[in-house]
Amino acid sequence: MSRLDSFIRRLSAQRDILNTVANEVRTLAGPVLELGLGNGRTFDHLRELFPDRRIIAFDRTVNAYGPSMPSADDLVLGEIRDTAKTFIGANASLAHADIGTGYEDKDAITLTWLPEIMAGVLAPGGLAVSGLPLDHPDLEALPLPSTVKDGRYFIYRRK
Ligand code: SAM
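Remember, predicted model here, so these are calculated numbers, not experimental data.

Got a minute to help me understand the overall build of the chain in this structure?
When its secondary structure is counted, the chain shows five helices and seven strands. Ordered by position from the N terminus, the helices and strands of the chain form the series α-β-α-β-β-α-β-α-α-β-β-β. The C-alpha atoms of the chain give 14 Å as radius of gyration, which agrees with the globular expectation for 159 residues (15 Å, within 12%). Along the first, second and third principal axes, the C-alpha atoms of the chain reach 40 × 35 × 30 Å.

What should I look at first to understand the packing of aromatic side chains in this one?
Between two aromatic rings, the relevant description is the distance of the centres plus the angle of the planes. In the structure shown here, the tally under the stated rule is one aromatic pair. Relative to phenylalanine 87, the ring of phenylalanine 58 has its centre 5.1 Å away and its plane inclined at 80 degrees; by these criteria the two rings are edge-to-face. Of this pair, phenylalanine 58 sits in strand E2 (residues 55–59) while phenylalanine 87 sits in the loop between helix H3 (80–83) and strand E4 (92–97), and the two are 29 residues apart along the sequence. Positioned above the aromatic ring of tyrosine 103, the side-chain terminus of lysine 106 is 4.8 Å from the ring centre.

Teacher, can you tell me more about the confidence of the model for the chain here?
Parts of the prediction with low pLDDT should not have their coordinates interpreted in detail. Overall, the prediction assigns the chain a mean pLDDT of 97, with 100% of residues at 70 or greater. With pTM at 0.98, the complex prediction returns an ipTM value of 0.99.

Please clarify how the pairing of strand E1 (residues 32–35) should be interpreted in this entry.
Within a regular strand, side chains alternate between the sheet's two faces. Neither face of E1 is exposed, since Val32 and Glu34 on one face and Leu33 and Leu35 on the opposite face are all buried. Alignment of E1 against E2, held across four bridges, turns out to be parallel. Bridging from a neighbouring strand, leucine 33 pairs with isoleucine 56 of E2. Bridge analysis of E1 against E4 gives four bridges, and the strand direction is parallel. Bridge assignment links leucine 35 to a residue of E4, and that residue is alanine 97.

Teacher, can you tell me more about the site of the ligand here?
Among the 16 residues in the neighbourhood of the ligand, the closest are listed as Gly40, Thr42, Asp59, Ile80 and Asp98. Surface burial for the ligand is 83%, taken as the share of its 600 Å² of free accessible area covered by protein chains. Counting atoms within 2 Å of the grid points, the majority share of the ligand lands in the largest pocket.

Can you help me understand the sheet that holds strand E3 (residues 75–77) in this one?
Strand order in the open sheet formed by seven strands is E3-E2-E1-E4-E5-E7-E6, and the pairing between neighbours is mixed. Each edge of the sheet is formed by a strand with only one pairing partner; in this case those strands are E3 and strand E6 (139–142). Pairs of neighbouring strands in the sheet enclose a mean axial angle of 20 degrees, with direction left out of account. Examined bridge by bridge, E2 and E3 share three bridges and lie parallel to one another. Within the sheet, the bridge partner assigned to aspartate 59 lies in E3 and is leucine 77. Against the sheet, helix H1 (residues 3–26) makes contact with E4, strand E5 (122–130) and strand E7 (154–158), and its axis sits at roughly 170 degrees relative to E5, the strand it touches most. Lying on the sheet, helix H5 (residues 114–121) is in contact with E1, E4, E5, E6 and E7; it crosses E5 at an angle near 140 degrees.

Calculation criteria
- In every chain, residue numbers begin from 1 and rise along the written sequence.
- Where totals are concerned, whole chains, interfaces and linings use all residues; where local detail is concerned, this predicted model gives features only for residues with pLDDT of at least 70, and gives and counts side-chain atom pairs only at 80 or more.
- To get the side-chain values, take all heavy atoms of the structure and skip hydrogens and water.
- By the criteria applied, helices consist of DSSP H or I runs no shorter than four residues and strands consist of E runs no shorter than two, each listed in order from the N terminus.
- Atoms counted for the radius of gyration: C-alpha only. Globule rule: 2.2 Å times the number of residues to the power 0.38.
- Ring pairs are drawn from Phe, Tyr and Trp, using the six-membered ring of Trp, whenever the two centres fall within 6.5 Å, and their geometry is named by plane angle: stacked under 30 degrees, edge-to-face over 60, tilted for the rest.
- Throughout this description, the term charge over a ring refers to an Arg CZ or Lys NZ atom that lies within 6 Å of the ring centre and within 35 degrees of the ring normal.
- Within a predicted model, pLDDT stands for the predictor's per-residue confidence, ranging from 0 to 100.
- Here's how the labels work: a residue is buried when its accessible area is under 20% of the maximum for its type, exposed when over 50%, partly exposed in between, all with a 1.4 Å probe on protein chains only.
- Two strands pair under a simple rule: DSSP has to find at least two bridges between them.
- Residues are counted as near a molecule or strand when any one of their heavy atoms sits within 4 Å of it.
- For every accessible area listed, the method is Shrake-Rupley and the probe measures 1.4 Å; residues are considered covered only by the protein chains on display.
- Buriedness for pockets is judged along seven lines, at least five of which must meet protein on both sides within 12 Å for an open set on the 1 Å grid over protein atoms alone, while cavities are sets there where a 1.4 Å probe fits but cannot get out, and lining residues have an atom within 4 Å of a point.
- Molecules are considered to sit inside a cavity or pocket once more than half of their atoms lie within 2 Å of its grid points.
- Lines fitted to C-alpha atoms define the axes, with helix axes restricted to the stretch in contact, and inter-axis angles between N-to-C directions lie between 0 and 180 degrees.
- Here, two residues are considered to be in contact whenever any of their heavy atoms come within 4.5 Å of each other.

Dropping the structure here:
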């Protein structure tokens, strides 16, 4: 598969999964956390899905397209490993992490701390959506929408 095909499938997976979990997320109180703002595309989609919900975005740098820029109060700059720690116990309804790199060695380092952060920021019943697999005793894997191939993206519910 070309990198273009792979990129298109990743973006489709993100959209399909966020659309799929949206109704369940709406039943929960608590903010939405976007780990890895990037260009702001998924942030913008989250804003469409949850117009009345606080959405807090994290990144080490500001690269979002202007209209997809969170307000200063909802943008947390720095290394997610450090910044998101302060949101442990935030009782988030949804945490989405799109911080995989495609490099096994780098992603392996991220996976030494990301599962603990994702489990820690969520409310019981809150949903984690991630481009990297999250192995954590408090996160129960959920099935993917039929349009998303196994292993491309991941959904979990906080126990
Ligand atoms: N989902 C975003 C979108 O739709 O535009 C794209 C996210 S992009 C693939 C990943 C972003 O996460 C990059 O902007 C990168 O700077 C940020 N990032 C990755 N790892 C990070 C870390 N450990 N700490 C802070 N930011 C990180």
